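One-letter residues, chain by chain:
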Amino acid sequence: MAATYLPTIKQLQYLVALRDAGHFGRAAEACFVTQSTLSAGIRELETLIGVTLVERTRRVVRFTPLGDRIVEKARRVLREADELGDLARAAGRPLSGEMRMSVIPTIAPFMLPRIMPRLRRDYPDLKLYLREEASAAACDGLHQGRTDCVLLALPYACGDVEVARLFDDPLYLAFPAGEIAPRQAGIAPSEIDETRLLLLEDGHCLKDHALAACNRPEIRAEATMLGTSLHTIVQMVENGLGLTILPEMALSAGILEGTHIEAAPLSAETAARHIALVWRKASPREKDFRLLAEVLAEG
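Residues numbered from 1 in each chain as written. Predicted model: local features only at pLDDT ≥ 70, side-chain atom pairs only at ≥ 80, totals over all residues. Heavy atoms only, no water.

A. The arrangement of helix α11 (residues 286-298) in detail. For α11, with 13 residues, the first-to-last C-alpha span of 19 Å sits near the 18 Å given by 1.5 Å per residue. Residues Asp288, Phe289, Leu292, Ala293, Val295 and Leu296 constitute the buried set of α11. For α11, the arc enclosing every buried residue in end-on projection is 165°, short of the 170-degree limit, so these residues lie on one face. Set apart from the buried face of α11 by more than 90 degrees, the exposed residues are Lys287 and Glu298. (Helix = DSSP H or I, 4+ residues; strand = E, 2+ residues; numbered from the N terminus. Expected span 1.5 Å × (residues − 1). Buried < 20%, exposed > 50% of the residue type's maximum accessible area, 1.4 Å probe, protein only. Arc of directions from axis to C-beta.)

So this is what it looks like as structure tokens:
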């Protein structure tokens, strides 16, 4: 019986990295190898299966149609290989070993500084690798196997995942001091001047949560969408350029400290986002993720 030669995990990792990076040098950096090592590994893979997967030119790396199909298969193989290690870790100590978590930008700077010290203290064997990225990229990375779990805000369509809801994060209207009379009952969306509202651009789920809470179509049409961070928008509000909507966790973390900005609760039925941890269904590390969710909820 003839010997069967199979692609190696390393060759599949090189191929997927090249597809993601679109450049041999960047793919090699992502794999922590030299460019010649990565290129040779992919050529060996092509020789092994007898087909060209990548068309190489001086300026462009272009995958063949078959190459794209094999990349998708390779992603699944690599994800399954990762889960072999997960099975072993799940049988050992809770929250130990490596874990990759994506966190959206409107949560990461406000929540992580509060919970990371406790995780390091209570679970010293956990090596938690963090990646900050918008919701769409985070969910895509989860399903492609680049990350193990995602800390995000709901509602958001992240696909077929397990969800552990942590807590609600109310929304507040932030405005230059004296522009609006703050009141205990909060500020109704009908009182917002849509022409002065500053929000994050598409891709940030906080923008969608803010628009849903206001439930005014004219706000979507008139508000200014900025491709920036909440910290930058706060500086614009400080300079009198408008007002914005902030989550309570950002206020609790001191985002308005040192400014002349006031904030009042947004008075609406849906004026909150729901912070949650999500992971792939049937993951062998489900117990770890649920334990992590309990720690995050308490943090």
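Moving on, there is more to tell.
B. Molecular detail of the packing of helix α1 (residues 9-21) against helix α2 (residues 24-31). Two elements in contact, α1 and α2, have axes separated by 8 Å at closest approach and are oriented at 130°. Looking at the two axes, α1 sits oblique to α2. The interaxial crossing formed by α1 with α2 has right-handed handedness. On α2, the residues that touch Gln13, Tyr14, Ala17, Leu18 and Ala21 of α1 are Phe24, Arg26, Ala27 and Cys31. Partitioning the contact of α1 with α2 into residue classes produces seven nonpolar, one polar and one charged. (Axes fitted to C-alpha atoms, helices over the stretch in contact; angles between N-to-C directions. Parallel < 35°, antiparallel > 145°, perpendicular 65-115°, else oblique. Left-handed = near helix turned anticlockwise from the far one by under 90°. Contact = heavy atoms within 4.5 Å. Nonpolar A, V, L, I, M, F, W, Y, C, P; charged D, E, K, R; others polar.)

C. Broad picture of the nonpolar core. Core analysis: the biggest nonpolar cluster contains 74 residues, and Leu151 and Leu277 have the highest contact counts within it. The residues contacting Leu151, other than those within four sequence positions of it, are Met101, Ser102, Val103, Ile104, Ile107, Met111, Leu166, Ile275, Ala276, Leu277 and Leu296. The next biggest cluster of nonpolar side chains, apart from the first, holds 18 residues, and it includes Leu12, Leu18, Ala27 and Leu53. (Core = buried A, V, L, I, M, F, W, Y, C linked by side-chain atoms within 4.5 Å.)

D. Region of the structure containing the pairing of strand β11 (residues 272-280). Within β11, seven of the nine residues are buried, which leaves the element mostly enclosed by the surrounding structure. Two elements, strand β6 (residues 161-176) and β11, share nine bridges in a ladder whose sense is antiparallel. By the bridge assignment for β11, Arg165 is matched with Ala276. (Pairing = 2+ DSSP bridges.)

All quantities given are derived from atomic positions and should not be read as evidence of function.
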